[in-house]
Amino acid sequence: MSKINKIKKIYVVNSGKGGVGKSTIASRLAFLLNKQKYKVGLLDLDIHGPSITNIFNISNPPLVKEGKMLPYQNNGLKIVSMGMFVEKDKAFIWKGVILKGIIKQLLNDVEWKELDFLIIDTPPGTGDILINLIQEIKIDGVIMVTTPQAMSKADVRRSLNMIKQLNIPITSLVENMSSFTCPHCNEKISIFKHDDSNILSEYSIDKHIVLPFELNYNDSIFEDIEWNIEKELTEVVKIL
Ligand SMILES: Nc1ncnc2c1ncn2[C@@H]1O[C@H](COP(=O)(O)OP(=O)(O)OP(=O)(O)O)[C@@H](O)[C@H]1O
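The shown structure was predicted, so the numbers you read here are calculated from the model rather than taken from an experiment.

### Examining the pattern of salt bridges
Working step 1: Under the criterion given, the structure shown has 7 salt bridges.
Working step 2: In this structure, Asp46 and Lys22 form a salt bridge, with 3.1 Å as the shortest nitrogen-oxygen distance. Taken together, the residues Asp46 in the loop between strand E2 (40-44) and helix H2 (52-55) and Lys22 in helix H1 (residues 22-35) connect sequence positions 24 residues apart. Both residues of the pair, Asp46 and Lys22, count as buried.
Working step 3: Put simply, Glu202 and Arg157 hold a salt bridge, and the shortest N to O gap is 2.8 Å. One end of the pair, Glu202, is in helix H6 (residues 199-202); the other, Arg157, is in helix H5 (residues 150-165), and 45 residues separate them in sequence.

Structure follows, in structure tokens:
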């Protein structure tokens, strides 16, 4: 397994199932690390729902210069998404062999230059993308995103078991949409019935970050909304 030249740390963001906030967490994390002056790349390999193009409002395919793909840049944050290669709102069937080649290209033929962190958003679950990726490069840690209810955590266990079998460190568990605070009475309300089993000790996960459900959350990273989790969220990676 190779380490990509000039990239210090590679973190994968995964979830047991879709819709739990994986792409949101991956983009916010990359955005915040970049804001803290780290050199950061964000690679969206979620072939089924590449939402990072929407979050960053990207509509063009990457430019190619001297055989290298140039990432889209947002204040220095370098972004490449599978969504840049398909027409907006169109489904595309990626065949296994093609996918393997594409992953290799996106890792090696993109002009990432020097990076402190590459954050990779993957499709939910334990599919081909994650397996190909793990075979291709050395991953420093997986950030697993879940919501608190039991079903979601059952799916997370399947993913965690596979990642553990492949000897990849699971560095943190992000429990998203855990509770919300009533804007009228300020009471903190749990949204789902919590699953009390202890995933953290079972899988020796050090970091557990619990994030609230944000009312009127807007997907666009450019929206100036309050997301009071900056410090907490960046703790999911080991700061260099
Ligand atoms: N903490 C939060 N509070 C409110 N809304 C949230 C929060 N986290 C995510 N969302 C919203 O939930 C929806 C799903 O989020 P997101 O696309 O990040 O999930 P995902 O796990 O990546 O899904 P998929 O696997 O289908 O791509 C989005 O509309 C996002 O804005």
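Next comes the rest of the description.
### What to know about the sheet that holds strand E5 (residues 72-74)
Working step 1: Reading across from one edge, E5-E6-E2-E7-E1-E8-E9-E12 is the order of the 8 strands in this open sheet, with mixed pairing throughout. Single-partner strands in this sheet number two, and they are E5 and strand E12 (207-210). Each strand axis lies, on average, 20° off the axis of its neighbour in the sheet, ignoring direction.
Working step 2: Across 5 bridges, the pairing between strand E8 (residues 141-146) and strand E9 (residues 170-175) is parallel. Looking at E9, one finds that Val145 is bridged to Val174.
Working step 3: This element, H1, spans strand E1 (7-15), E2, E5, strand E6 (77-81), strand E7 (115-121), E8 and E9 of the sheet and lies at about 170° to E7.

### Concerning the site of the ligand
Working step 1: Near the ligand you find 18 residues, and of these Gly19, Ser23, Thr24, Glu214 and Asp219 are the closest.
Working step 2: In isolation the ligand exposes 630 Å². Once the protein is present, 79% of that is buried.
Working step 3: Of the residues contributing to the shell around the ligand, the split by class is 6 nonpolar, 8 polar and 4 charged.

### Points about the environment of Tyr203
Working step 1: As for its placement among the helices and strands, Tyr203 is situated in the loop between H6 and E12.
Working step 2: For Tyr203, a relative accessible area of 8% puts it in the buried group.
Working step 3: As for Tyr203 and Lys164, which are separated by 39 residues in sequence, their C-alpha atoms are 8.0 Å apart.
Working step 4: Apart from the residues within four sequence positions on either side, Tyr203 is in contact with Arg157, Leu160, Asn161 and Lys164.

Each value, and the rule that gives it
Residues numbered from 1 in each chain as written. Predicted model: local features only at pLDDT ≥ 70, side-chain atom pairs only at ≥ 80, totals over all residues. Heavy atoms only, no water. Salt bridge = Lys/Arg side-chain N within 4 Å of Asp/Glu carboxyl O. Helix = DSSP H or I, 4+ residues; strand = E, 2+ residues; numbered from the N terminus. Buried < 20%, exposed > 50% of the residue type's maximum accessible area, 1.4 Å probe, protein only. Pairing = 2+ DSSP bridges. Axes fitted to C-alpha atoms, helices over the stretch in contact; angles between N-to-C directions. Contact = heavy atoms within 4.5 Å. Near = heavy atom within 4 Å. Areas by Shrake-Rupley, 256 points an atom, 1.4 Å probe, with all protein chains shown as cover. Nonpolar A, V, L, I, M, F, W, Y, C, P; charged D, E, K, R; others polar.

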